[in-house]
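One letter stands for each residue in the lines below.
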Amino acid sequence: MKTLLRPAVSLFVLLTAVTGVVYPLAVTGLAKVTFSEAADGSLVIKDGKPVGSRLIGQNFSDPRYFWGRPSATSPQPYNASASSGSNQGPLNPALVDAVKGRIDALKTADPGNSKPIPADLVNASASGLDPEISPAAAEYQIERVAKTRQLQVEVVRTLVAKNTEGRQWGVFGEPRVNVLQLNIALDSLR
Amino acid sequence: MSNHAWILIGIFLTVLLLTVKPLGTYIANVMEGRFRLAGKIESPVYRLCGIRQDEEMGWLKYAFAILSFNALGVFVVYALQRLQFSLPLNPQAFPNISPDSAFNTAVSFVTNTNWQGYAGEATMSYLTQLLGLTVQNFFSAATGIVVVIALIRGFARHSAKTVGNAWVDLTRITLHVLLPISIVYAVFLTGQGVIQNFDAYKDVTTLEVTKYDNPKVDAAGQPLKDDKGVAITEPAETPTQTLAMGPVASQEAIKMLGTNGGGFMNANSAHPYENPTPLSNFIQMLSIFLMPAALCFTFGRMVGDARQGWAVLAAMTLMFVVLAYAAMHFEQQANPLLTQLGVDPAAGNMEGKETRFGIADSGLFATITTLASCGAVNAMHDSFTPLGGLVPLIDMQLGEVVFGGVGSGLYGMLVFAIMAVFIAGLMIGRTPEYLGKKIEAYEMKMTSIAILVTPLLVLVGTAIAVMAVDGKAGIANPGAHGFSEILYAFTSAANNNGSAFAGLSANTPFYNIMLGIAVWFGRFGVIVPVLAIAGSLAAKKRIAVGPGTLPTHGPLFVTLLIGTVLLVGLLNYVPALALGPVIEHLVLWVGH
């Protein structure tokens, strides 16, 4: 047993120092040199103050803004220090009720809209912090935002197109619109 | 099912298969001491630790070395969690973790399971994440790999008493394989947007003030409820958002590469700071299968017949393609209850999925992570369609041998290969042999233990939990889905996967202890018999290939191997699956 104990303990300590101290510090150093803005959280700075992160969604419920994915974090939606999905199963009555409520909110804000409702606009995201919506979900909201802001629909549509990304390298993921960046662009129109 | 999904599977497999030979060769060279730079790096390590590099261990000593190294890990990770409030690098001043949760997490990370009852960004200090969890991500991966290397030596050696030196093996795989790949990988991830810093969490002023209902709590911090048991809330609002920070990229890299799967953040690889882009997502999927696939080649190389490795890899790949297709297909089906409300069914089942990944990348990720005993998630499996959620369950119940965890997948598959040649031997009445080694009663006893220990833990554990009050208390979703949540938890724990139907409230003493036991015996209840097989095989003479030898590198053997895996896996679990996802599917589509 003694012949096992010394190598076990000393190898454990040594490899812990390498993988638990040297390794993360080396990565931090390299990341600061190469991608410092990303390593710090891809913050969006407006008038010298951080207003959010390009990668982390925010809660929007004002009809003047594009709304993002429903968020199941608690206690408030888009709680970026407690990420979580809803974990509701497909048959859960709470899921059906929640989706009903979200559809009602969309209809109340935009009574005349009869387009089919995009699934991502009424289903909670996995992280509760999804920064993006599908192009269909943006299209669904363009007229509402234009009307509330008294803008031409085409102006808003152009802005949406500017903030839309296609599939990465043409094959990976899905096309998407960054909601925070789009809303900041809207605010800076005037 | 769109062409896009097929293209994605095609690109994934092409890139993966291109890496198999170079990486597999490299691992074989490192583990057999042919890597030239190795001596200079290793010899100071051995000197400091009192390790004699040329000392060979028998299987029992090898097993004791592995067990003591891992037991040490449990104590250290447990202690770090219990003391973290008094230790440095805790900018959010997180309190010490409860004994049952700390036990569960310690055992879970040491066994490469990485089941998480806690929410990372709201629980763990940076020091615990680094010295406890990141370190175990390396060590548990190294443990799995050295065990399979010992088993391969059992096949490759003959008339030998030993299977290698555990200390040398652990050092080599960590320093020459896992560490260099992780460094490059982690820096790539920060390039995509994964954070890597030691800052306190950052408050930002959001564009819109967030209004919400805040649950009222009593003096003890327990939520207040009214007479009907509904939580009492009061209206609240906040103008800020607090962004969780931390050294995420360094942990993310080894989390995927080592098929660990324990997220820095609660939402795991669905969190934009862990997995920000579709490209980072693709590389994460690739890195889960990278080592398990390459080790198949290492196996072929070390036993002196590359075709043996390719045959095992072919069996894995065929099963993977079918299961990946199934998951992507079923998630493309929209929930009919929501379609009735006017939701456009074209986008498929988007509950619990991220926009940037959509259906195809979420379905593929779910298949890879559950087949490979990784357990990282980029979508919430609990919200999958009934049959979409059935696929991850089956993936794990096959025993985590289709690619499987690093090392553990291959040793599990080789155990099934022994079972397959045994069944073939019975059919023709010959003593079974595999790679020139006779398979006899002792090997078959150990094989049976290794194969049966996980189903036993899963089914008995699930049965106890559905009968116990504390077990049922954790259920989040009503009906058959609630049963699936419990079945998933024990399947995931005993097979050392770590993903969850995460609605289950598992951070309770009942689940922390039950699942902690399941992960420990699901790991070492397999490793010890596997090492016993290694020792026994190494001692045998090699017999020459004769006319009656079953070739184990052709399509016939691949078919036999797949058949054995399916037969054993499904016979164990079909009744349980019928009670969960199958009933749920029928109710969803026929009942409404």
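Just above sits the structure.
Being a predicted model, the structure only gives us computed values, none of them experimental. (Residues numbered from 1 in each chain as written. Chains lettered and ligands numbered in written order. Predicted model: local features only at pLDDT ≥ 70, side-chain atom pairs only at ≥ 80, totals over all residues. Heavy atoms only, no water.)

Draft legend 1. Layout of the environment of K46 of chain A. Residues and elements named next belong to chain A. With respect to the helices and strands, K46 occurs in strand β1 (residues 43-46). By relative accessible area, K46 is classed as partly exposed at 31%. It is 11 Å that separates the C-alpha atoms of K46 and A185, two residues lying 139 residues apart in sequence. With residues up to four places along the chain from it excluded, the contact list for K46 reads V51 and I184. (Helix = DSSP H or I, 4+ residues; strand = E, 2+ residues; numbered from the N terminus. Buried < 20%, exposed > 50% of the residue type's maximum accessible area, 1.4 Å probe, protein only. Contact = heavy atoms within 4.5 Å.)

Draft legend 2. Inspection of the interface of chain A and chain B at higher detail. At the junction of the two partners, chain A supplies 99 residues and chain B supplies 117 residues. Of the roughly 8500 Å² buried between chain A and chain B, counting both surfaces, carbon and sulfur atoms make up 67%. Counting the surface chain A buries against chain B, the share from its top three residues, F12, Y23 and N87 of chain A, is 9%. Taken together, chain A and chain B are joined by zero salt bridges. (Buried area = accessible area lost by both parts, 1.4 Å probe. Salt bridge = Lys/Arg side-chain N within 4 Å of Asp/Glu carboxyl O.)

Draft legend 3. Structural detail: the nonpolar core. Ranked by size, the top nonpolar core spans 199 residues in total, and within it F320 and Y434 of chain B carry the most contacts. The contacts of F320 of chain B, once residues within four sequence positions are left out, are F12, L13, F289, L364, T367, I368, L371, V402 and F403 of chain B. Counting residues in hydrophobic clusters, the runner-up holds 36 residues, among them V44, V51, I117 and A119 of chain A. (Core = buried A, V, L, I, M, F, W, Y, C linked by side-chain atoms within 4.5 Å.)

Draft legend 4. Quick peek at the side chain of S81 of chain A. The residue S81 of chain A is located in the loop between β2 (49-53) and α2 (93-109) in this model. Reaching out from S81 of chain A, the side chain makes a polar contact with the side chain of N79 of chain A at a distance of 3.0 Å. If near-sequence neighbours (up to four positions away) are discounted, S81 of chain A is found in contact with E121, A122, Y201, T242 and A244 of chain B. (Polar contact = N/O pair within 3.5 Å; in protein donor to acceptor, adjacent residues only side chain to side chain.)

Draft legend 5. Region of the structure containing a nonpolar patch on the surface. Residue and element names in this part refer to chain B. A cluster of nonpolar side chains, V582, L586, W589 and V590, forms an exposed patch at the surface whose accessible area comes to about 390 Å². Inspection of the secondary structure puts L586 in helix α18 (residues 555-589). Since its relative accessible area comes to 48%, L586 is described here as partly exposed. (Patch = residues over 30% accessible without salt bridge, like charges linked within 9 Å, V, L, I, M, F, W, Y side chains within 5 Å. Areas by Shrake-Rupley, 256 points an atom, 1.4 Å probe, with all protein chains shown as cover.)

Draft legend 6. Just the packing of helix α12 (residues 386-397) of chain B against α18 of chain B, in detail. All names here are of chain B. Two elements in contact, α12 and α18, have axes separated by 9 Å at closest approach and are oriented at 170°. For the element pair α12 / α18, the angle class is roughly antiparallel. Within the contact between the two elements, α12 uses P386, L387, L390, L393, I394 and Q397 and α18 uses G569, L570, Y573, L577, P581, E584, H585 and L588. Among the residues forming the contact of α12 with α18, the class breakdown is ten nonpolar, three polar and one charged. (Axes fitted to C-alpha atoms, helices over the stretch in contact; angles between N-to-C directions. Parallel < 35°, antiparallel > 145°, perpendicular 65-115°, else oblique. Nonpolar A, V, L, I, M, F, W, Y, C, P; charged D, E, K, R; others polar.)

Draft legend 7. Inspection of the sheet that holds strand β3 (residues 132-133) of chain A at higher detail. All names here are of chain A. The strand order across the open sheet built from three strands is β3-β5-β4, with neighbouring strands paired in antiparallel fashion. Two strands in the sheet have a free side with no partner beyond their single neighbour: β3 and β4 (164-165). Where β3 meets strand β5 (residues 176-178), two bridges bridge the pair, whose relative direction is antiparallel. When the bridges of β5 are listed, I133 appears paired with V177. (Pairing = 2+ DSSP bridges.)

Draft legend 8. Structural detail: helix α6 (residues 166-192) of chain B. Residues and elements named next belong to chain B. With 27 residues, α6 extends 37 Å between its outermost C-alpha atoms, agreeing within 8% with the 39 Å of an ideal straight helix rising 1.5 Å per residue. At T174, α6 shows its strongest bend, of approximately 35°. In terms of residue burial, α6 counts as a mostly covered element, since 21 of its 27 residues are buried. Structurally, the start of α6 carries an N-cap: the backbone nitrogen of W167 is 2.9 Å from a side-chain oxygen of N165. (Expected span 1.5 Å × (residues − 1). Bend = angle between axes of the 7 residues up to and from the residue.)

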